[in-house]
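# Working through the structure, step by step
Take a look at the letters that make up each chain.
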Amino acid sequence: MSVTASTAPAGTSDRAGASRLSGTFYRGDPAMWSWVLHRITGALTFFFLFVHVLDTALVRVSPSAYDAVIETYKTPFVNLLEVGLVGAVLYHALNGIRVMLVDFWSQGPRYQRPMLWGLIGVWAAVMIPGTYFMLERTVSTMFGGH
Amino acid sequence: MSAESLTLDKPRSPRRPAARRNNFELYSWLFMRLSGLALVVLVLGHLFIMNILDDGVHRINFAFVAGRWASPFWQFWDLAMLWLAQLHGGNGMRTIIEDYARKDTTRFWLKMLLYASIALILAVGTLVIFTFDPNIAG
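From a predicted model like this one, the values you see are computed outputs, not experimental measurements. (Residues numbered from 1 in each chain as written. Chains lettered and ligands numbered in written order. Predicted model: local features only at pLDDT ≥ 70, side-chain atom pairs only at ≥ 80, totals over all residues. Heavy atoms only, no water.)

### Brief notes about the overall build of chain B
- Helix and strand content of chain B: four helices and zero strands.
- Start at the N end of chain B and walk to the C end: the helices and strands fall as α-α-α-α.
- The proportion of buried residues among the 138 residues of chain B is 43%.
- Expressed as a percentage of contacts within chain B between residues at least 6 apart in sequence, the contacts between residues at least 24 apart total 70%.
- On chain B, roughly 9,300 Å² of surface is accessible, and the fraction owed to carbon and sulfur atoms is 66%. (Helix = DSSP H or I, 4+ residues; strand = E, 2+ residues; numbered from the N terminus. Buried < 20%, exposed > 50% of the residue type's maximum accessible area, 1.4 Å probe, protein only. Contact = heavy atoms within 4.5 Å. Areas by Shrake-Rupley, 256 points an atom, 1.4 Å probe, with all protein chains shown as cover.)

### As for the interface of chain B and chain A
- Taken together, the contact pairs 44 residues of chain B with 41 residues of chain A.
- When chain B packs against chain A, the two sides together hide about 3,500 Å² of surface, and 74% of this comes from carbon and sulfur.
- Broken down residue by residue, the surface that chain B buries against chain A is led by B:R33, B:H58 and B:F62, which jointly contribute 18%.
- There are three salt bridges connecting chain B and chain A.
- In this structure, the salt-bridge partner of A:R39 is B:D99, at a minimum N-O distance of 2.5 Å.
- Seen at the junction of chain B and chain A, the total is eight residue pairs in polar contact (both at pLDDT 80 or more).
- Among the secondary structure elements, those contributing two or more residues to the side of chain B that touches chain A are α1 (24–52), α2 (62–68), α3 (72–100) and α4 (104–131) of chain B.
- With twelve residues, α1(B) is the largest single contributor of residues to the side of chain B that touches chain A.
- In terms of residue class, the side of chain B that touches chain A is made up of 27 nonpolar, 13 polar and four charged. (Buried area = accessible area lost by both parts, 1.4 Å probe. Salt bridge = Lys/Arg side-chain N within 4 Å of Asp/Glu carboxyl O. Polar contact = N/O pair within 3.5 Å; in protein donor to acceptor, adjacent residues only side chain to side chain. Nonpolar A, V, L, I, M, F, W, Y, C, P; charged D, E, K, R; others polar.)

### What to know about the UniProt feature "transmembrane region" (unreviewed entry) in chain A
- The positions that UniProt labels "transmembrane region" (unreviewed entry) are, in the present scheme, residues 32–54, 75–94 and 114–135 of chain A.
- With 100% helix and 0% strand, residues 32–54 of chain A has its two end C-alpha atoms placed 34 Å apart. (UniProt positions renumbered as here; feature names shortened; annotations may be inferred.)

### Remarks on the pattern of salt bridges
Residues and elements named next belong to chain B.
- As enumerated under the stated definition, the model contains eleven salt bridges over all chains in all.
- The shortest N-O distance in the salt bridge between D54 and R59 comes to 3.8 Å.
- Its salt-bridge partner being E98, residue R107 comes within 3.3 Å of it at the nearest N-O pair.
- In the salt-bridge network here, residues are joined through shared partners; they are E25, R94, E98, D104, R107 and K111.

### Some remarks on the nonpolar core
- By size, the foremost hydrophobic cluster in this structure holds 34 residues, and its most contacted members are B:V43, B:L47, B:M93 and B:L114.
- For this core, the elements supplying multiple residues, two or more each, are α1 (30–56), α3 (76–104) and α4 (112–142) of chain A together with α1, α3 and α4 of chain B.
- Here this core takes eight residues from α3(B), the largest share from any one element.
- Not counting residues up to four positions away in its chain, the partners in contact with B:L114 are A:F46, B:G90, B:M93, B:R94 and B:I97.
- Core analysis: the second largest hydrophobic core is formed by 17 residues, A:Y66, A:Y73, B:I60 and B:L79 among them. (Core = buried A, V, L, I, M, F, W, Y, C linked by side-chain atoms within 4.5 Å.)

### A word on the environment of A:F104
- Within the element layout of this structure, A:F104 appears in helix α3.
- Between the C-alpha atoms of A:F104 and A:Y66, which are 38 residues apart in sequence, the distance is 43 Å.
- Beyond its immediate sequence surroundings of up to four residues, A:F104 is in contact with B:W29, B:L30 and B:R33.

### Describing the side chain of A:N95
Residue and element names in this part refer to chain A.
- Checked against the element boundaries, N95 lands in helix α3.
- Within the structure, the side chain of N95 is placed 3.1 Å from the side chain of H38, a separation counted as a polar contact.
- If near-sequence neighbours (up to four positions away) are discounted, N95 is found in contact with S34, H38 and L119.

Quick look at the structure:
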C-alpha cells in the first residue's frame, strides 16, 4: 500500500503521455498496477475467508454436513477457482514482502521495480508446478482416468 | 493568470480539526506489516498442505480435520491464522471503504457491516476450534 508516488524512478511512463523527462510519475506505472492488484487480491481473499470459516464450522454440525460441502471443493469448476485463490494469495504475499522491503529496507525504494519483476518470476515458478499438482487429479478423472 | 482571491483556511484557523488525534492509523499500518509477515508463513503453509501436498483438496473430509485438530500445534496454527487473517483483511477492507465510499452514511454503514462480519467470523471460528468434537456423530 505504501508503494506510492515517491518510489517510481525517473524516466517511467505516464498514462497521460506527459513528458518523461520532467519528473517522476506514479500513474500508469507498473508500481501503480502492483498496488491495484494488491487491493483486488486482498479483497477477494477476504470474501473467500468469510465463506471458508463458515463452511469449516460445519464440523460442529455433523461429519456428513461437512463432507457434503467439502465435496463441492473437489468439483472441476471449484478446483479451478482454488488455483485462482492460491495465485491471488501468493501474489498478495509476495507483493506484501516487497511493500515491507520498500518501507523498512534502506535500499527498498531504489529496487522496488526489480523486486516487482522478481516477484512475478517467483510467482510463475511456483504457480506452474502448483497448478499441475492442484489440477492433476481433476483433469485425469475428467478425461477417462481412474 | 488573474489575481483572484483564494479561499483557503488559515493554517492555524481554530475550526481546522487536529491533524492527528491519536496514533491508531500508525499502529494499524504497523500491524498490517507484522501480521502480514506471520500470515506469509501461516497462510502459504496452509494452502500448500491443503491444496498441493499429497492429494490436495481431494483427501480433505471430516476425518482429515479430526486428525489435524488432534494436535495442539495445528489448533494453535489455525487459531492464529484465523485471528491474524481476519484482523489483517478487516483492516484492509476498512481502508478500501474509507477510500471509495463517497457519502458519510455509506461509509458508516459499510464499516458497521464489516465490523459485524469480522465479529461473527472470529466468534464462530474460535468457537469451532475450541469446541471441536471428533466423536460428534456419536
